[in-house]
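Spelled out, the chains give:
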Amino acid sequence: QVQLVESGGGLVQAGGSLRLSCEASGRTSTTYKMAWFRQAPGKEREFVVVITWSGHITDYADSVKGRFTISKDNTKNTVYLQMNSLKPEETAVYYCAASVSVNWGRPARWVDEYTYWGQGTQVTVSS
């Protein structure tokens, strides 16, 4: 129903910045919210940030608050993640996800809230 394609990952030095993109296609009218998660090797997939499809409401993980910014371009059906002041421990595969559920708050931070996932884009932060 919904296809998500991430891009923008790469190698960056600690303290540097990257901007990730997630282009949504298909039946995006069913999508209520989109989120970014990340997964480091050997670790659980971790919530980063979520945004409503309208772009009006966002919720950030405490660990990225003040450094990361999520935004949407509705014309392009694309969500972005601007990541600043990156830390080596944030090296991970970053995934875009979409949810048809209207749940918000704590549930919106759960992996199982999301029906659609991109393939992920690798972000490597070097010391």
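Residues numbered from 1 in each chain as written. Predicted model: local features only at pLDDT ≥ 70, side-chain atom pairs only at ≥ 80, totals over all residues. Heavy atoms only, no water.

**Quick look at the overall build of the protein**
Regarding its fold elements, the protein presents zero helices and 11 strands. When the elements of the protein are put in sequence order from the N terminus, they spell out β-β-β-β-β-β-β-β-β-β-β. Taken along the three principal axes of its C-alpha coordinates, the protein extends 40 × 30 × 25 Å. Within the protein, contacts between residues separated by at least 24 positions form 59% of all contacts whose residues are at least 6 apart in sequence. A total accessible area of about 6400 Å² is found for the protein, and carbon and sulfur atoms account for 47% of it. Of note, the protein has its 13 positive side-chain charges centred 3 Å away from the centre of its 11 negative side-chain charges. (Helix = DSSP H or I, 4+ residues; strand = E, 2+ residues; numbered from the N terminus. Contact = heavy atoms within 4.5 Å. Areas by Shrake-Rupley, 256 points an atom, 1.4 Å probe, with all protein chains shown as cover. Lys, Arg positive; Asp, Glu negative; His and termini not counted. Charge placed at Lys NZ, Arg CZ, Asp CG, Glu CD.)

**Things to note about the layout of surface pockets**
The computed volume of the largest pocket comes to approximately 160 Å³. Forming the walls of the largest pocket are 13 residues, and the residues nearest its centre are Arg-38, Lys-43, Glu-46, Glu-89 and Glu-90. Looking at side-chain class alone, the lining of the largest pocket contains two nonpolar, three polar and eight charged residues. (1 Å grid on protein atoms, 1.4 Å probe; cavity = no way out; pocket = protein on both sides within 12 Å on 5 of 7 lines; lining within 4 Å. Points joined across faces, edges and corners; volume = space filled by probe spheres on them. Nonpolar A, V, L, I, M, F, W, Y, C, P; charged D, E, K, R; others polar.)

**Some details on the pairing of strand β11 (residues 121-126)**
Residues Thr-121, Val-123 and Val-125 of β11 are buried on one face, while the alternating residues Gln-122, Thr-124 and Ser-126, pointing to the opposite face, are not. Here strand β2 (residues 10-13) pairs with β11 via four bridges, running parallel. Note that in β11 the partner of Val-12 across the bridge is Val-125. One ladder, built from three bridges, connects strand β9 (residues 92-99) with β11; its direction is antiparallel. Counted as the bridge partner of Tyr-94 is Thr-121 from β11. (Buried < 20%, exposed > 50% of the residue type's maximum accessible area, 1.4 Å probe, protein only. Pairing = 2+ DSSP bridges.)

**Structural notes on the environment of Gln-82**
With respect to the helices, strands and loops of the structure, Gln-82 is situated in strand β8 (residues 78-83). A C-alpha to C-alpha distance of 13 Å links Gln-82 and Ile-51, two positions 31 residues apart in sequence. In terms of polar contacts, Gln-82 uses its side chain to reach the side chain of Asn-84, at 2.9 Å. (Polar contact = N/O pair within 3.5 Å; in protein donor to acceptor, adjacent residues only side chain to side chain.)

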